[in-house]
Amino acid sequence: MTTTLITGANKGLGFETARQLIAAGHTVYVGSRDEGNAQQAAEALGPNARPLLIDITDEASVQAAAESVGKAGDGLDVLINNAGIAGGSIAPIDTTGDSLARLLDTNTVGAVRVTHAFLPLLLRSKRGLVVNVSSGLGSIGWATDPSRLESQLVLLNYAASKAALNMLTVQYAKAFPQLRINVVDPGYTATDLNGHRGTQTVEEGVVAIVRAATLPEGDDAPTGTFTNADGPVPW
Ligand code: NAP
């Protein structure tokens with residue numbers, strides 16, 4: 001049995017990832033910062049879904065979630081750091097340290113809180129995988145490539161929070177070569193995050209997430225990579 005935790009799985013890309021991984025045979029902890037939403041999503045996903053209360057900005061909540069997964073006794077094989085916020089569209093002139101700190105606390109520090117708490121379980125797995133859900137907006141390569149839409153957008157906080165998540169992925173991958181730790185860009189997908197303006201469906205948006213969460217066994221499985229549905233994304 002493969003046991004998987006997805007943060008922010010009560011809706012959007014996280015929920016669709018849970019649905020597809022359960023169909024692929026995983027038992028999925030459906031992470032949500034709201035108990036009712038976790039319950040509701042897990043019920044909708046069926047018997048192989050387990051609700052898990054986890055607010056990734058709250059160290060005590062993350063620790064309690066790790067304890068509860070540890071006590072359940074099935075370990076953890078796959079961690080998907082999916083929970084994230086857009087932070088609204090703050091003009092560059094109005095961007096403050098506090099507004100950046102808020103984005104980082106969820107999108108970047110949140111992933112570290114969760115990874116830190118669940119690493120002991122992942123390291124005991126035969127096949128520990130971590131998938132960090134980043135964004136093409138976190139690609140410095142695309143932000144500086146005039147042929148890419150990302151180079152036209154100015155989103156200081158969100159883009160910086162995802163670029164930092166990308167670097168954390170590379171550093172974690174070097175630190176834990178026994179795991180497979182990758183970062184993915186779902187692409188612009190219609191979810192609450194963007195008022196459903198995204199051009200992809202959630203089914204299209206989770207392709208890279210699901211691929212990184214179901215890597216084939218073997219030492220040559222990639223680690224420290226940044227991909228989207230089409231393949232490698234420039235850092
Ligand atoms: P979404 O529908 O808004 O879902 C975001 C999820 O994260 C929700 O479950 C939300 O919980 C959860 N969350 C936010 N803060 C949290 C916290 N402190 N603790 C625990 N959970 C928290 O957005 P989405 O589009 O599916 O986004 C999923 C990931 O994909 C994000 O990391 C996002 O940056 C990334 N992404 C999305 C797109 C896109 O176009 N949609 C593109 C690139 C990357 P609540 O329901 O309680 O708010």
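Residues numbered from 1 in each chain as written. Predicted model: local features only at pLDDT ≥ 70, side-chain atom pairs only at ≥ 80, totals over all residues. Heavy atoms only, no water.

> When you look at the site of the ligand in this model, what are you seeing that I'm missing?
By nearness alone, 28 residues border the ligand, and Asn10, Arg33, Asn82, Tyr158 and Thr191 come closest of all. Within the backbone of Ile56, an N or O atom sits 3.0 Å from a nitrogen atom of the ligand. Within the complex, the protein chains bury 93% of what would otherwise be the 900 Å² of accessible surface of the ligand. Considered class by class, the residues forming the shell around the ligand number 10 nonpolar, 13 polar and five charged. (Near = heavy atom within 4 Å. Polar contact = N/O pair within 3.5 Å; in protein donor to acceptor, adjacent residues only side chain to side chain. Areas by Shrake-Rupley, 256 points an atom, 1.4 Å probe, with all protein chains shown as cover. Nonpolar A, V, L, I, M, F, W, Y, C, P; charged D, E, K, R; others polar.)

> It is not clear to me how the pairing of strand E4 (residues 78-81) should be interpreted in this structure. Could you clarify?
As a general feature of sheets, a regular strand has side chains that alternate between the two faces. The two faces of E4 match: Val78 and Ile80 on one face and Leu79 and Asn81 on the other face are all buried. When strand E1 (residues 2-6) meets E4, the two strands line up parallel, connected through three bridges. Each bridged residue has a counterpart across the sheet, and for Ile6 the counterpart in E4 is Ile80. With four bridges joining them, E4 and strand E5 (residues 129-133) adopt parallel strand pairing. When the sheet's bridge partners are listed, Ile80 is paired in E5 with Val131. (Buried < 20%, exposed > 50% of the residue type's maximum accessible area, 1.4 Å probe, protein only. Helix = DSSP H or I, 4+ residues; strand = E, 2+ residues; numbered from the N terminus. Pairing = 2+ DSSP bridges.)

> Can you walk me through the packing of helix H4 (residues 97-107) against helix H5 (residues 109-124) in this structure?
Angle between the axes and distance between the axes: these two values describe a pair of packed helices. The contact between H4 and H5 brings their axes to 3 Å, and the two run at 30°. Overall, the two elements H4 and H5 adopt an arrangement that is roughly parallel. Of the residues in H5, those in contact with Leu104, Asp105, Thr106 and Asn107 of H4 are Val109, Gly110, Ala111 and Arg113. (Axes fitted to C-alpha atoms, helices over the stretch in contact; angles between N-to-C directions. Parallel < 35°, antiparallel > 145°, perpendicular 65-115°, else oblique. Contact = heavy atoms within 4.5 Å.)

> Could you clarify how one ought to interpret the environment of Phe118 in this entry?
Among the secondary structure elements, Phe118 is positioned in helix H5. The sequence separation of Phe118 and Asp192 amounts to 74 residues, and the corresponding C-alpha distance is 27 Å. Those residues in contact with Phe118 that sit more than four places away from it in its chain are Leu5, Ile54, Val62, Ala65, Ala66, Val69 and Leu76.

> Would you take a moment to explain the sheet that holds strand E3 (residues 49-53) for this structure?
Backbone hydrogen bonds hold the strands of a sheet together, and the pairing may be parallel or antiparallel. With respect to topology, eight strands assemble into an open sheet ordered E3-E2-E1-E4-E5-E6-E7-E8, the strand pairing being mixed. Every interior strand has two partners, whereas the edge strands, E3 and strand E8 (231-232), have only one. Along the sheet, H5 makes contact with E1, E4 and E5, crossing E4 at roughly 180°.

> Would you mind showing me how to read the packing of aromatic side chains here?
In this description, a pair of aromatic rings is defined by centroid distance and the angle of the planes. Taken as a whole and assessed by the stated rule, the structure comprises two aromatic pairs. Aromatic pair Phe226 and Trp235: ring centres 5.4 Å apart, planes at 35°, arrangement tilted. Lying across the ring of Trp142, Arg148 places its NZ or CZ 3.6 Å from the centre. (Phe/Tyr/Trp six-rings, centres within 6.5 Å; stacked < 30°, edge-to-face > 60°. Lys NZ or Arg CZ within 6 Å of the ring centre and 35° of its normal.)

> Help me understand the pattern of salt bridges, please; the structure alone is not making it clear to me.
Where charged atoms of side chains with opposite charge meet at close range, the side chains can pair. The full count for this structure, using the stated rule, is six salt bridges. Residues Arg19 and Glu16 are paired through a salt bridge, measuring 2.7 Å at the closest nitrogen-oxygen approach. Note that Arg19 and Glu16 are positioned in helix H1 (residues 12-23) at a spacing of three residues, about one turn of the helix. Given the relative accessible area of 39%, Arg19 is considered partly exposed. Glu150 serves as the salt-bridge partner of Arg148, at 3.0 Å between the closest nitrogen and oxygen. (Salt bridge = Lys/Arg side-chain N within 4 Å of Asp/Glu carboxyl O.)

> For this particular structure, what's the right way to read the environment of Gly70?
Locating Gly70 in the fold gives a position in helix H3 (residues 59-72). For the pair formed by Gly70 and Pro120, sequence separation is 50 residues and the distance between their alpha carbons is 9.4 Å.

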